Amino acid sequence: MNTITIVPIEFIHQAWEKVGKWVEDAMEHAKGECTADQLKVSLINGSHQLMLFLKDNIPVGAVEYYFTNYPNDRVFYINAIGGTTSKEHTEQMFAYAKQNGATAVRGSARESVARLWRQKYGFESIYITVEKRL
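Residues numbered from 1 in each chain as written. Predicted model: local features only at pLDDT ≥ 70, side-chain atom pairs only at ≥ 80, totals over all residues. Heavy atoms only, no water.

Moving on, we get to the overall build of the protein chain. When helices and strands are tallied, the protein chain shows four helices and five strands. If you list the helices and strands of the protein chain from N to C, you get β-α-α-β-β-β-α-β-α. In summary, the protein chain has a C-alpha radius of gyration of 14 Å against a globular reference of 14 Å for 134 residues, a match within 12%. Counting every position in the protein chain, which comprises 134 residues, the buried fraction comes to 35%. Across the protein chain, the fraction of contacts at a sequence separation of at least 24, relative to all contacts at a separation of at least 6, is 58%. (Helix = DSSP H or I, 4+ residues; strand = E, 2+ residues; numbered from the N terminus. Rg over C-alpha atoms; globule rule 2.2 N^0.38 Å. Buried < 20%, exposed > 50% of the residue type's maximum accessible area, 1.4 Å probe, protein only. Contact = heavy atoms within 4.5 Å.)

This is the structure in structure tokens:
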């Protein structure tokens, strides 16, 4: 059975031992914006949260996320995702986000992942982020 769970702050260290590698792998594509260790600090201080994708109560994927509010939207923002995802897991993630007031789920991704998210999970491109490092 596929389920999701949110890791309470007091259990971040224990969960990280099992799923931190997936977040670290995802951060290889973050262009130096932040590291997995910095995301872990955000989890520990409560500004971000960790969701686990479970299959038969065993973690198979992890999502590091936060909520952000705009004048017309509350966004569940995926900062890092790794491990295995499934349609069932993502549908539960969408339901959780909606239950917590989100009007949208967003995430930054390289083109190949963005294409996958569009095809498998119904995401739409809203804009492209470009940058010139100074």
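We are not done yet, so read on.
It is worth spelling out empty space enclosed by the protein at this point. Enumeration over the complete set of coordinates arrives at one cavity of 30 Å³ or more. Of the volumes computed, that of the largest cavity is approximately 40 Å³. Residue lining of the largest cavity: I78, I81, T90, M93, W117, Y121 and F123, and that is the complete set. Those elements giving two or more residues to the lining of the largest cavity turn out to be β4 (74-83), α3 (87-99) and α4 (111-121). Among the residues forming the lining of the largest cavity, the class breakdown is six nonpolar, one polar and no charged. (1 Å grid on protein atoms, 1.4 Å probe; cavity = no way out; pocket = protein on both sides within 12 Å on 5 of 7 lines; lining within 4 Å. Points joined across faces, edges and corners; volume = space filled by probe spheres on them. Nonpolar A, V, L, I, M, F, W, Y, C, P; charged D, E, K, R; others polar.)

With mixed pairing, the five strands of this open sheet are ordered in space as β1-β2-β3-β4-β5. For this open sheet the edge positions go to β1 (2-7) and β5 (104-107), each flanked by a neighbour on one side alone. Taking each pair of neighbouring strands and ignoring which way they run, the sheet shows an average axis angle of 30°. In this structure, β4 lies alongside β5, joined through four bridges in parallel fashion. The partner of Y77 across the bridge, within β5, is R106. The strands touched by helix α2 (residues 36-44) are β2 (49-55), β3 (58-69) and β4; relative to β3, the strand with the most contacts, the crossing angle is about 70°. In this fold α3 packs onto β1, β2, β3, β4 and β5, with an angle of close to 45° to the strand it touches most, β1. (Pairing = 2+ DSSP bridges. Axes fitted to C-alpha atoms, helices over the stretch in contact; angles between N-to-C directions.)

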